[in-house]
Amino acid sequence: MATLAHPVTVEEREPRVAGGPPASPPQQGDRGGSRGPGFTPADRLRRYRIGLAVGLTPVLMLFVSFTSAYIVRQGLSDDWRSIALPPILWMNTVILLVSSFTAEKARRTAVRDEGPGGLWLGITLILGLGFLAGQWIAWKQLAAQGIFIASNPSSSFFYLLTASHGLHLLGGVLALGYAAAASRLHRPPETRRIVVDIAAWYWHFMDLLWLYILALLFLAQ
């Protein structure tokens, strides 16, 4: 006589911790969690860099929207009056480029564990403040010519773009100051390397952003 027995499936239950959720099975490539034995300083540095990239995305989108508004407003009516860019902007650009070079020297010095890079950070900090002072002088020169933020749409965008960039660059100055302080406060070498590396990459981004703004102001007048 045929037996009508159905196969019985035994469900394996995951072990539970008292009062907590079931433990997740180990995954391939799992090295023990974000701070487990396999979580190396390189992994930590990579995560901070990814976080910086994510954090800079809204900044990039902000200036893309400014660019779109700049171009659209320029062709919207005939009240657009191009302004002559203050010559000091070119000197400010050179200062910012040099500061990016010194920031990179500080970053490589710290990452290669050749020292805290405090000297290069200090030079970058001074050059960054010099750039901001130069931008302030550029605004004063425009004001001396009677060109203010409300003079015409072109001047409004000039002040908007340069002020927005200046505020973000000021954040970079604070980051550089923190990195310089970390190098003097005897923080762990791994922490110093991460702080200097992230501050330097942020500074490079501000440098590239300024070159983009300057090209927009110069070429799209």
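Keep in mind that this is a model prediction, so the values were computed, not measured.

Rules used in this analysis
- Residues numbered from 1 in each chain as written.
- Predicted model: local features only at pLDDT ≥ 70, side-chain atom pairs only at ≥ 80, totals over all residues.
- Heavy atoms only, no water.
- Helix = DSSP H or I, 4+ residues; strand = E, 2+ residues; numbered from the N terminus.
- Buried < 20%, exposed > 50% of the residue type's maximum accessible area, 1.4 Å probe, protein only.
- Contact = heavy atoms within 4.5 Å.
- Areas by Shrake-Rupley, 256 points an atom, 1.4 Å probe, with all protein chains shown as cover.
- Phe/Tyr/Trp six-rings, centres within 6.5 Å; stacked < 30°, edge-to-face > 60°.

1. Description of the overall build of the protein
Within the protein, the secondary structure is distributed over 5 helices and 0 strands. Listing every helix and strand of the protein by position from the N terminus yields α-α-α-α-α. Across the 221 residues of the protein, 37% fall into the buried class. Long-range pairs, those at least 24 residues apart, make up 77% of the contacts in the protein with a sequence separation of at least 6. Accessible surface for the protein amounts to roughly 13500 Å². Of this, 66% is attributable to carbon and sulfur atoms.

2. A few points about the environment of Y202
On the secondary structure map, Y202 appears in helix α5 (residues 189-219). Separated by 31 residues in sequence, Y202 and G171 have C-alpha atoms that sit 9.3 Å apart.

3. Quick notes on the packing of aromatic side chains
In total, this model carries 9 aromatic pairs according to the counting rule given. Judged by centre distance (6.1 Å) and plane angle (70 degrees), the ring pair of W136 and W139 falls under edge-to-face. One end of the pair, W136, and the other, W139, are both in helix α3 (residues 118-144), 3 residues apart, so they sit about a helical turn from each other. Exposure remark for W136: the relative accessible area of 51% places this residue in the exposed category. For W139, a relative accessible area of 22% translates into the label partly exposed. One aromatic cluster in this structure is built from W136, W139, F158 and Y159.

4. Digging into the environment of R108
In this fold, R108 is placed in helix α2 (residues 88-111). Placed 89 residues apart in sequence, R108 and D197 show a C-alpha to C-alpha distance of 8.1 Å.

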